[in-house]
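Okay, here's what each chain looks like letter by letter:
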Amino acid sequence: MMIFCLLLAAFSSPVFAEEWKANVVKELDVLVKSCVVVPCTFTHPKEYLPNSRLSGIRHHFAGREERIYCEDRTQILENFKGRTKLLGHLSDGNCTLEMTDLKDHDNGPFCFRIELPTAVDKFSFVDSCVMFRMLADPAVPTLTHPPTAIQGRPYAISCSVSHTCPSNMPKLTWNRVSTDDAITVAHAANRFGYWETKSILMFTPEEKDDHSEITCTANFNGGRTSTATLNLYVKRTESYNHIIIPTVAAIGTAGIFAVFCTIMVKRYHTWNRMSRLSRRIRSHVSGPSRGDPRSANQKVSKGRFPSPKSPTKFCNYQQGADDGNDYMNAGDHDIYGNM
């Protein structure tokens, strides 16, 4: 009983449970005259080891003998000779196929087939075939960029394009030629059967770049090209000055005027105090002013001077009869004497 359980567990393990199964992309948009890589993986029962003995074949769905790829090149259809190649290793379960120089009638469907040379087992994955939609014009690149380019500030533009041929990826170029520009290129899988090539242009816009055109060109395998153009508008740095400069000037003028007014007010108050102090000092020195009410009732006495018509009067003087003859000449008496 124990031996039976061990055998049941062994046959139920993934090694023995694997079956013939392929995972192939169903449809692809391919460019005429370009190339395509068809992703493909498969599994098979492990009793068919070693894997190195597996042989992969691609044939048209209409007939297994219409082979577009085979290790024996003599069995390949004349129209496909030299245009198909197996990229993967069958020992790793990779059956990826490349087809170049695509014709407008290479639409398929194409199916994958496994054969074992020393055995009668042959298996065609007729449920995992691929069809091509033939495109006469290449895909147009997509430009991604910030909405505004400002003078003197770094600016980046991304150009990306989708394709189906990672073995011969499209090359992206820019119409700008400057040693200061930095260009970064990246490749990545987009979705099953499709890849994306991206180029990022980094530069610093200048005034001369305003209203210029920046063009990204995609060069596909086979010679086809497509372009995408951006009309660049550069926002000048000085465009902010029409707001900043008047505002700063107005604030500065208002500040200077306020300082000037403050100084003038202080000087006026200082002059006013000094003027009042000066008037007080003059009023104390010269006495009461005319407007002083205390001096309103005082009478101003006038000095008395002798009238020229009246004779000079002296104390104890009496006019005699001979006074008229008593005229004295100051020169005769020489009152002061000889000096």
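Further up the page is the structure itself.
These numbers were taken from a predicted model, which means no experiment stands behind them.

(A) Just the overall build of the protein, in detail. Of regular secondary structure, the protein possesses 4 helices and 19 strands. A buried classification covers 31% of the 339 residues belonging to the protein. The contacts of the protein with a sequence gap of at least 6 include a subset with a gap of at least 24, amounting to 62%. Of the roughly 23,800 Å² of accessible surface on the protein, a fraction of 57% belongs to carbon and sulfur atoms.

(B) Just the side chain of T197, in detail. Locating T197 in the fold gives a position in strand β16 (residues 194–203). At 3.1 Å, the side chain of T197 and the side chain of H163 are in polar contact. Apart from the residues within four sequence positions on either side, T197 is in contact with C159, S160, V161, H163, M169, P170, L172, A186 and H187.

(C) Quick peek at the nonpolar core. Core analysis: the largest hydrophobic core is formed by 28 residues, its most contacted members being L28, V36, V38, F42, M99, F112 and F132. With sequence-adjacent residues up to four places away left out, M99 is seen in contact with S34, C35, V36, I68, F80, R83, T84, D106, F110 and F132. A149, V161, A218 and F220 belong to the second largest nonpolar core, which has 19 residues in total.

(D) Representation of the pairing of β16 within the structure. In this structure, strand β13 (residues 155–163) lies alongside β16, joined through 9 bridges in antiparallel fashion. Bridge pairing in β16 places S158 opposite I200. Relative to β16, strand β15 (residues 182–191) runs antiparallel, the two sharing 9 bridges. Counted as the bridge partner of R191 is Y194 from β16. As consecutive antiparallel partners, β15 and β16 are separated by 2 residues, and within that stretch G193 has a phi angle of approximately 95°, a positive value.

(E) Focus on the packing of aromatic side chains. A complete count under the given rule lists 4 aromatic pairs for this structure. Ring geometry for F110 against F132: centres 5.8 Å apart, planes inclined by 50°, an arrangement best described as tilted. In this pair, F110 sits in strand β9 (residues 110–115) while F132 sits in strand β10 (residues 122–135), placing the two residues 22 residues apart along the sequence. The exposure class of F110 is buried, given its relative accessible area of 3%. For F132, a relative accessible area of 4% corresponds to the buried category.

(F) The state of the cysteines, seen in detail. Under the definition given, this model contains 4 disulfides. A sulfur-sulfur separation of 1.7 Å characterises the disulfide bridge that pairs C35 with C165. Its S-S torsion of approximately -105° makes the covalent link between C35 and C165 left-handed. Residue C35 is found in the loop between β2 (27–31) and β3 (36–38), and its partner C165 is found in the loop between β13 and β14 (171–174); the two are separated by 130 residues along the sequence. Each sulfur of the disulfide joining C159 and C216 lies 2.0 Å from the other. In this structure the cystine formed by C159 and C216 twists about its S-S bond by roughly -80°; its chirality is therefore left-handed. Separated by 57 residues along the polypeptide, C159 in strand β13 and C216 in strand β17 (residues 212–219) bring together distant segments of the chain. Residue C159 is classed as buried on the basis of its relative accessible area, which comes to 0%. Given a relative accessible area of 0%, C216 falls into the buried group. Regarding the disulfides, the protein carries the connectivity 1-7, 2-3, 4-5, 6-8 under sequence-order numbering of its bonded cysteines.

(G) Representation of a positive patch on the surface within the structure. There is a patch of like positive charges on the surface, built from R273, R276, R279, R280 and R282. Note on R279: relative accessible area 44%, which makes it partly exposed.

(H) The sheet that holds β3, seen in detail. As summarised here, the arrangement of the 3 strands in space is β3-β8-β7, forming an open sheet in which the pairing is antiparallel. The open sheet terminates on both sides in strands that have one partner only, identified here as β3 and β7 (84–86). Strand-to-strand, the axes of this sheet are offset by a mean angle of 20°, without reference to chain direction. Where β7 lies against strand β8 (residues 97–99), 3 bridges are found, and the strand directions are antiparallel. The partner of L86 across the bridge, within β8, is L97.

Parameters at a glance
- Residues numbered from 1 in each chain as written.
- Predicted model: local features only at pLDDT ≥ 70, side-chain atom pairs only at ≥ 80, totals over all residues.
- Heavy atoms only, no water.
- Helix = DSSP H or I, 4+ residues; strand = E, 2+ residues; numbered from the N terminus.
- Buried < 20%, exposed > 50% of the residue type's maximum accessible area, 1.4 Å probe, protein only.
- Contact = heavy atoms within 4.5 Å.
- Areas by Shrake-Rupley, 256 points an atom, 1.4 Å probe, with all protein chains shown as cover.
- Polar contact = N/O pair within 3.5 Å; in protein donor to acceptor, adjacent residues only side chain to side chain.
- Core = buried A, V, L, I, M, F, W, Y, C linked by side-chain atoms within 4.5 Å.
- Pairing = 2+ DSSP bridges.
- Phe/Tyr/Trp six-rings, centres within 6.5 Å; stacked < 30°, edge-to-face > 60°.
- Disulfide = S-S within 2.5 Å.
- Patch = residues over 30% accessible without salt bridge, like charges linked within 9 Å, V, L, I, M, F, W, Y side chains within 5 Å.
- Salt bridge = Lys/Arg side-chain N within 4 Å of Asp/Glu carboxyl O.
- Lys, Arg positive; Asp, Glu negative; His and termini not counted.
- Charge placed at Lys NZ, Arg CZ, Asp CG, Glu CD.
- Axes fitted to C-alpha atoms, helices over the stretch in contact; angles between N-to-C directions.

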